[in-house]
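An overview of the molecular structure
Single-letter residue listing:
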Amino acid sequence: MHHNTPLISTVVVGLVLAFVLGALAQRVRISPLVGYLLAGVVMGPFTPGYVADQNIANELAEIGIILLMFGVGLHFSLKDLLSVRAIAVPGAVVQIAVATLLGMGLGWTLGWPVGGGLVFGLALSVASTVVLLRALQERRLVDTERGRIAVGWLIVEDLAMVLTLVLLPALAGLLKGEGTSGLSAYAMAQPVLITLGKVAAFVIFMLVVGRRVIPWVLHYVAHTGSRELFRLAVFAISLGVAFGAAVLFDVSFALGAFFAGMILSESELSQRAANETLPLRDAFAVLFFVSVGMLVDPAIIVREPLPLLVTVFIIIFGKSVAAFGIVRMFGHPTSTALTISASLAQIGEFSFI
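Heads up: these notes are all about the structure in this document. Per-chain numbering applies: the sequence of each chain, read as written, is numbered from 1 onward. Only residues with pLDDT of 70 or above have their local features reported here, since the model is predicted, and side-chain atom pairs are shown and tallied only from 80 upward, although totals for entire chains, interfaces and linings are computed over all residues. The basis for every side-chain value is the complete set of non-hydrogen atoms in the structure, without hydrogens or water.

1. Considerations on the side chain of T47
By definition, any uninterrupted DSSP run of H or I lasting at least four residues is a helix, any uninterrupted run of E lasting at least two residues is a strand, and each is numbered from the N terminus. Its location among the elements puts T47 in the loop between α2 (32-42) and α3 (54-74). Owing to a relative accessible area of 17%, T47 belongs among the buried residues under this scheme. Residues adjacent in sequence count toward polar contacts only when both atoms are side-chain atoms; beyond that, a polar contact is any pair of N or O atoms within 3.5 Å, and within protein one must be able to donate a hydrogen and the other to accept it. Separated by 2.7 Å, the side chain of T47 and the backbone oxygen of V41 make a polar contact. In terms of polar contacts, T47 uses its side chain to reach the backbone carbonyl oxygen of G44, at 3.5 Å. By the convention used here, residues are in contact when the closest approach between their heavy atoms is within 4.5 Å. Beyond its immediate chain neighbours, meaning those up to four positions away, T47 contacts V41, V42 and P298. Each residue gets one of three labels from its accessible area relative to the maximum for its type: buried under 20%, exposed over 50%, partly exposed in between, using a 1.4 Å probe on protein chains only.

2. Points about the layout of surface pockets
Definitions used for this entry: grid spacing 1 Å over protein atoms alone; cavity, a set of points where a 1.4 Å probe fits but cannot get out; pocket, an open set with protein on both sides within 12 Å along at least 5 of 7 lines; lining residue, one with an atom within 4 Å of a point. Grid points are joined across faces, edges and corners, and a volume is the space filled by probe spheres set on the points. Roughly 420 Å³ of internal volume is contained in the second largest pocket. Counting residues per element, the ones that place at least two in the lining of the second largest pocket are α4 (78-83), α5 (85-109) and α8 (145-170). Following the grouping adopted for this structure description, the nonpolar residues are Ala, Val, Leu, Ile, Met, Phe, Trp, Tyr, Cys and Pro, the charged ones are Asp, Glu, Lys and Arg, and the polar ones are all others, Gly among them. Within the lining of the second largest pocket, the residues separate by chemical class into 16 nonpolar, one polar and one charged.

3. What about unusual backbone geometry?
Excluding glycine, most residues fall at negative phi; most peptide bonds, likewise, are trans. In the Ramachandran plot, R29 falls in the positive-phi region, its phi being about 65° despite a non-glycine side chain. Turning to its location among the elements, R29 is positioned in the loop between α1 (6-27) and α2. A residue is classified by how much of its surface remains accessible, and R29, at 80% relative accessible area, is exposed.

4. Re the pattern of salt bridges
Basic side-chain nitrogens of Lys or Arg form a salt bridge, by our definition, when they fall within 4 Å of a carboxyl oxygen of Asp or Glu. Evaluation of the coordinates by the stated rule reveals four salt bridges. The closest approach of N and O atoms between R227 and E276, which form a salt bridge, is 3.0 Å. Of this pair, R227 sits in helix α11 (residues 227-249) while E276 sits in helix α13 (residues 270-293), placing them 49 residues apart in sequence. Residue R227 is classed as exposed on the basis of its relative accessible area, which comes to 52%. In this structure, the salt-bridge partner of R231 is E276, at a minimum N-O distance of 3.0 Å. Here the residue R231 occupies a position in helix α11, and E276 occupies one in helix α13, the gap between them amounting to 45 residues. By relative accessible area, R231 is classed as partly exposed at 27%. Residues joined in a network through salt bridges with shared partners are R227, R231 and E276.

5. Things to note about the nonpolar core
Nonpolar cores were defined as sets of buried Ala, Val, Leu, Ile, Met, Phe, Trp, Tyr and Cys residues, with membership established by side-chain atoms within 4.5 Å. Membership of the largest hydrophobic core comes to 76 residues, with the highest contact counts inside it found for M69, W153, M206, L218, F230, F258 and I340. Excluding residues within four positions of it along the chain, L218 makes contact with F230, A233, V234, I237, L264 and L269. Ranked by size, the runner-up nonpolar core spans six residues in total, among them I56, L60, L67 and L287.

6. Describing the packing of α3 against helix α12 (residues 253-264)
In the contact formed by α3 and α12, the axes pass within 6 Å of each other and the chain directions differ by 30°. Comparing the axis directions of α3 and α12 gives the class roughly parallel. Crossing of α3 over α12 shows right-handed handedness. Contacts between α3 and α12 pair E62, I65, I66, M69, F70, V72, G73 and L74 from the former with F253, A254, A257, F258, A260, G261, M262 and L264 from the latter. Here the contact of α3 with α12 is composed, by residue class, of 13 nonpolar, two polar and one charged. An axis is simply a line fitted to the C-alpha atoms; with a helix, the fit covers only the stretch in contact. Between two such axes, the angle follows the N-to-C directions and lies from 0 to 180 degrees. We call two directions roughly parallel when the angle between them is under 35 degrees, roughly antiparallel when it is over 145, roughly perpendicular when it lies between 65 and 115, and oblique otherwise. The hand of a helix crossing depends on one turn: near helix anticlockwise from the far one by less than a right angle means left-handed, and clockwise means right-handed.

7. Observations regarding the packing of aromatic side chains
The way to describe two aromatic rings as a pair is by their centre distance and the angle between their planes. Pairs were defined over the aromatic rings of Phe, Tyr and Trp, the Trp ring being its six-membered one, requiring ring centres within 6.5 Å. Orientation was assigned from the angle between planes: stacked under 30 degrees, edge-to-face over 60, tilted for the rest. One pass over the full model with this rule turns up eight aromatic pairs. Between F205 and F249 the ring centres are 6.0 Å apart and the planes differ by 40°, which places this aromatic pair in the tilted class. Here the residue F205 occupies a position in helix α10 (residues 185-224), and F249 occupies one in helix α11, the gap between them amounting to 44 residues. Judged by its relative accessible area of 39%, F205 is partly exposed. What links up through ring pairs into an aromatic cluster is the set F202, F205, F249, F258 and F259.

8. A closer look at the environment of G210
Following the sequence through the fold, G210 ends up in helix α10. Separated by 53 residues in the primary sequence, G210 and I263 have C-alpha atoms spaced 7.1 Å apart. Not counting residues up to four positions away in its chain, the partners in contact with G210 are F205, P215 and I263.

9. Looking at α13
Multiplying 1.5 Å by the residue count of a helix minus one yields the expected span of that helix. Between its first and last C-alpha atoms α13 spans 32 Å; for 24 residues at 1.5 Å apiece the expected length is 34 Å, and the two agree. The largest bend along α13 measures about 50° and falls at L278, with the proline P279 one to four residues further on. Think of it this way: the bend at a residue is just the angle between two axes, each fitted to seven residues, one set ending at that residue and the other starting at it.

10. Side note on a nonpolar patch on the surface
On the surface, a cluster of nonpolar side chains totalling about 670 Å² of accessible area is made up of L7, I8, V12, V16, F19, V20 and L24. Turning to its location among the elements, I8 is positioned in helix α1. The patch calculation keeps residues exceeding 30% relative accessible area without a salt bridge and links them within 9 Å when they carry like charges or within 5 Å when they are nonpolar (Val, Leu, Ile, Met, Phe, Trp, Tyr). Here the open area of atoms and residues is found with the Shrake-Rupley method and a 1.4 Å probe, where only the protein chains shown may cover a residue.

11. What to know about the side chain of S320
Inspection of the secondary structure assignment puts S320 in helix α15 (residues 305-329). A distance of 2.6 Å separates the side chain of S320 from the backbone oxygen of I316, its partner in a polar contact. Residues in contact with S320, not counting those within four places in the same chain, are I315, S341 and A345.

Encoded structure:
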């Protein structure tokens, strides 16, 4: 009997292919992440054979991002975030500017309008906190100074991209080369001010209300003695705060989950919460990388080889060299500079948005 079960088929095929190709990648001594991405390519719309439901895959990936960013927050307290602000904020801003200019330069050589080059450059400038977290966890660098700087740096990038995504629709006409006579300075600044206000309101809400409610709820559940209920409480908090942040404050799921984890990290139950959520976090993280692979069209290698190579060069070397120089200018050792530069040699989920 035929069953129309796109959710089940997407999960099953995605996990099975990810396991097979991830194991092969591990066998040849490369990261299993490569196998997960290839699994997405195999089940994507650009290759023959089974094609998974892209919308379902994207929603599963969102859950993976929420759980992973919640895990980041559990290992990254507010004190840690503030301790690296002196380098994370200016470093991320300068690095975004450099990468954006490089992307605009490539767009200009391809004959793109200035607006198109700007959007392309911004897409290249941001890196994935999820990918960084997996790499730091594998090397046990999350709790080191360079790990905190790297995570803080990418959190600043995420905040910058949230503002960018809000600002782009308001400036769409300007980016397309249309006239600006009907666009006042207030109209241009209003979306940014509103977004900043919403982010500030969310942060204040989490520091005032979340800081009291979230640890209290977990302590109450822990005293019931039910491990199942405790695990459910952790998932409810991570997913609930992320969803509420997106609906009520227009903050991304990832940032909402990160702040929920960061608030919970101040509780003595944070380690237990991290251990309870680890298996499901790993499973949905795999689906996240599979969904990214589904966006890849392998034929682009043949159609546009030179622009593709230049784009890869900007991502791997352009951003990394800029970040290395910035970190060294702030007086940090070479090991820290190399960690930050390697962390940025990729692009993030905001790039696809």
